[in-house]
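Residues per chain, in single letters:
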Amino acid sequence: MIVAICGKGGVGKTTVAAITAKELSEKKDLKALVVDADPAGGLSMALGLMPKKTINDVRKEIVEEIKAGLRDEKDLAISLDYLLNTAIKEYGNLAILAIGRPEDEGCYCRVNVILKDAIEGLAENFDIALIDAEAGIEQVNRKVLSAVDYMLLITDTSVKGLKVAETILSVGKRMTAMRGAGLIINRVRDTDIDYQTHINTPIEILGVIPEDETVKRFDEEGKSFLEIPPCPARESLKALLNRAGLLGNTVP
Amino acid sequence: MILLSKGGALGIFDDLLEEISRIKSEFENRSDYRVVKNLDKLSWEEGSGLILQEETAVELGDPRLGSLMTLLWCDPSRVEDGNIALVGPDIRHASERKLPLGMIVIAGARFSDEYDCYRALREAVYGVKLKGFMARMMPSRNTIWCRVSKDAISSGFSLFHLGGAILNSLKGVGGVSSAEIVMVTAGKEQVERIRPVVEGARKLVDAMIKMYSEMNFDCETCDYKYVCEEVSELRKIRERLKEKAKDKGNKGK
């Protein structure tokens, strides 16, 4: 199952992805692929696991192979498997891949398609693939996330955050293979409010994550979220992930 | 498997085979050299999948430790058919969790075309998937990187099973009648011993791929002119391709 975490920039998407990765790391019977698809590499940093090589580096290497012109498509496919594996950073049952930031100019459409297929192929080896998507709608629109099964939409309590989540869902329905989606309202100060009736949205609301000093501290001090102890935010997220069937208990 | 029309003996690697014979003689004098021949007893369940570090018992072919692999073909009579040779510790007896890996695979084949032969053999070797074994290869760098799972080791998997699977897969290719493999885990220095063969073969394969993938037959501007000048079999391929191109041109008129 491929799960994409999407939402407006600044709503705490990467933190939710990092804590989700923490929960997955504790499910020892699951193999999880965690893809940091944000070019800024925020998730890798939040997990304290910076891969030595990014997908963008792999892309450059493939371009060099193609430029050299000494290998046919089959050799390139074999090489891509090798190079993707050199870009994986492992942590127990987790494998982490970072997309990185393209710095050089030129058209990489063909390479990108090859890479996308290779990553989707790689994801098939895992019980779950978690993608921390770039903020906003760009990656959904460009079909980067076309193989996604489930979209975990994150918003804060702002109307803007909710509207972006709704737009992403609407585009995602057209551009991806998604079979389900759920909304998480993050950094909620007043958890007594019944958001299910308070918010009018077509997205299924999974629930809320309270604002939490532990999360804030981990963020500010740059600590790895793989070390985060039980805290209200983590417990709430775990319950929501279980409800959505994303921790290996049920299929949404 | 791709069934190709029977052709003649292939000879682009003939000079390298002499070097391989010298290397094999050196290896045979080592106390950690073993050869297994009984392919029938070396079957292992097929399977694929990713093996993570925590499931890994032994990793082979980390480039820092030594990683080289090559695939050659020749006349079937020049192959010690069914030989699976290993120089160095087998994975079950390795004291280290990481080992270097060198591998020379030789197929005795009769094909009408060297490039068809290359493609069919590559498919056979790279397509080997075994339960509890994961291999990643980089043909342009001739590197192979593998992981063997703890479960596979406890079920008795050895490098001879891998060798057996590769040879059996090769023998399933129409046109291939013999095959042998030499594997090296004895240390970086021993793996490096096969480098001249690996690099020599890569030079030839690169030149061959270039010939087949391009339409320009101007030898004077080709980067691989010096390779063709050394290897008569490559010159023959080139002449054949030139003729084919001419024929196509004439038909188009």
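Within any chain, residue numbers begin from 1 and follow the written order of that chain's sequence. Going through the entries in the order they are written, you letter the chains from A and number the ligands from 1. pLDDT decides what is reported in this predicted model: residues at 70 or higher carry local features, side-chain atom pairs at 80 or more are listed and counted, and totals for whole chains, interfaces and linings draw on all residues regardless. In computing side-chain values, all of the structure's heavy atoms are included and hydrogens and water are not.

(A) View of the interface of chain B and chain A. Here, two residues are considered to be in contact whenever any of their heavy atoms come within 4.5 Å of each other. Across the boundary between the two partners, chain B contributes 31 residues, which contact 22 residues of chain A. When chain B packs against chain A, the two sides together hide about 2,300 Å² of surface, and 52% of this comes from carbon and sulfur. Buried area: the accessible surface (1.4 Å probe) lost by two parts on joining, summed over both. Taken as a group, L50(B), L52(B) and R136(B) account for 25% of the area that chain B buries against chain A, more than any other trio of residues on that side. A pairing counts as a salt bridge when a side-chain nitrogen of Lys or Arg comes within 4 Å of a carboxyl oxygen of Asp or Glu. Where chain B touches chain A, the interface holds 5 salt bridges. For R147(B), the salt bridge is made with E90(A), and the minimal N-O distance between the two is 2.7 Å. As used in this structure description, the phrase polar contact means that two N or O atoms lie within 3.5 Å; if the pair is within protein, one of them must be able to donate a hydrogen and the other to accept it, and residues adjacent in sequence are counted only when both atoms belong to side chains. At the boundary of chain B with chain A, the tally comes to 11 residue pairs in polar contact (both at pLDDT 80 or more). Strands are runs of DSSP state E lasting at least 2 residues, helices are runs of H or I lasting at least 4, and numbering of each runs from the N terminus. Elements supplying a minimum of two residues to the side of chain B that touches chain A: α2 (114-126), β8 (133-138), β9 (143-149) and α6 (195-213) of chain B.

(B) Main features of the domain arrangement of chain B. Residue and element names in this part refer to chain B. Considered domain by domain, chain B is made up of domain 1 (4-193) and domain 2 (201-251). Computed from C-alpha coordinates alone, the two centres of domain 1 and domain 2 are separated by 29 Å. If you look at the interface, domain 1 gives 15 residues, while domain 2 gives 12 residues. For the pair domain 1 and domain 2, the summed buried surface comes to about 1,200 Å²; carbon and sulfur atoms form 67% of the total. Where domain 1 packs against domain 2, one counts 0 salt bridges. Listing elements by their share of the side of domain 1 that touches domain 2, those giving two or more residues are β4 (67-74) and α2. Per-class residue counts for the side of domain 1 that touches domain 2 are 7 nonpolar, 5 polar and 3 charged. Residue ranges assigned to the domains are those given by an automatic or database domain assignment. Nonpolar residues are Ala, Val, Leu, Ile, Met, Phe, Trp, Tyr, Cys and Pro. Charged residues are Asp, Glu, Lys and Arg, and all others, Gly as well, are polar.

(C) The arrangement of the nonpolar core in detail. In terms of nonpolar packing, the biggest core is built from 86 residues, with M103(B), L170(B) and L234(B) touching the most fellow members. Take this core: its biggest share by element is 9 residues, from α6(B). In contact with L170(B), other than residues within four places in its own chain, are V105(B), A107(B), L121(B), A124(B), V125(B), V176(B) and A179(B). What is meant by a nonpolar core is a set of buried Ala, Val, Leu, Ile, Met, Phe, Trp, Tyr and Cys residues, joined one to another through side-chain atoms within 4.5 Å. Remark: exposure states derive from per-residue accessible area (1.4 Å probe, protein chains only) relative to the maximum for the residue type, with buried under 20%, exposed over 50%, and partly exposed in between. In terms of nonpolar packing, the next biggest core, distinct from the first, is built from 52 residues, L83(A), I203(A), L52(B) and M138(B) among them.

(D) Structural context of the sheet that holds strand β4 (residues 94-98) of chain A. Residues and elements named next belong to chain A. One bridge is not enough; two strands pair if DSSP finds at least two bridges between them. Ordered in space as β3-β4-β2-β5-β1-β6-β7-β8, the 8 strands form an open sheet in which the pairing is mixed. A single partner strand is all that each edge strand has here, and the edge strands are β3 (89-91) and β8 (205-210). Strand-to-strand twist in this sheet, taken as the mean axis angle between neighbours without regard to direction, amounts to 20 degrees. As paired elements, strand β2 (residues 32-36) and strand β5 (residues 128-132) share 5 bridges and run parallel to each other. Think of each axis as a best-fit line through the C-alpha atoms, taken over the contacting stretch in the case of a helix, with angles from 0 to 180 degrees between the N-to-C directions.

(E) Structural view of the packing of aromatic side chains. Only Phe, Tyr and Trp rings are paired, with Trp represented by its six-membered ring, and only when their centres lie within 6.5 Å; those with planes under 30 degrees apart are stacked, over 60 edge-to-face, the remainder tilted. Counted by the stated rule, this structure contains 7 aromatic pairs over all chains. When the centroid spacing of 5.7 Å and the interplanar angle of 50 degrees are considered together, the rings of F218(A) and F225(A) count as tilted. An aromatic cluster is defined as three or more aromatic residues linked by ring pairs; in this entry it consists of F13(B), W73(B), Y115(B) and Y118(B). By the criterion adopted, a ring carries a charge over it if an Arg CZ or a Lys NZ lies within 6 Å of its centre and within 35 degrees of its normal. It is K223(A) that lies over the ring of F218(A); its NZ or CZ is 5.2 Å from the centre.

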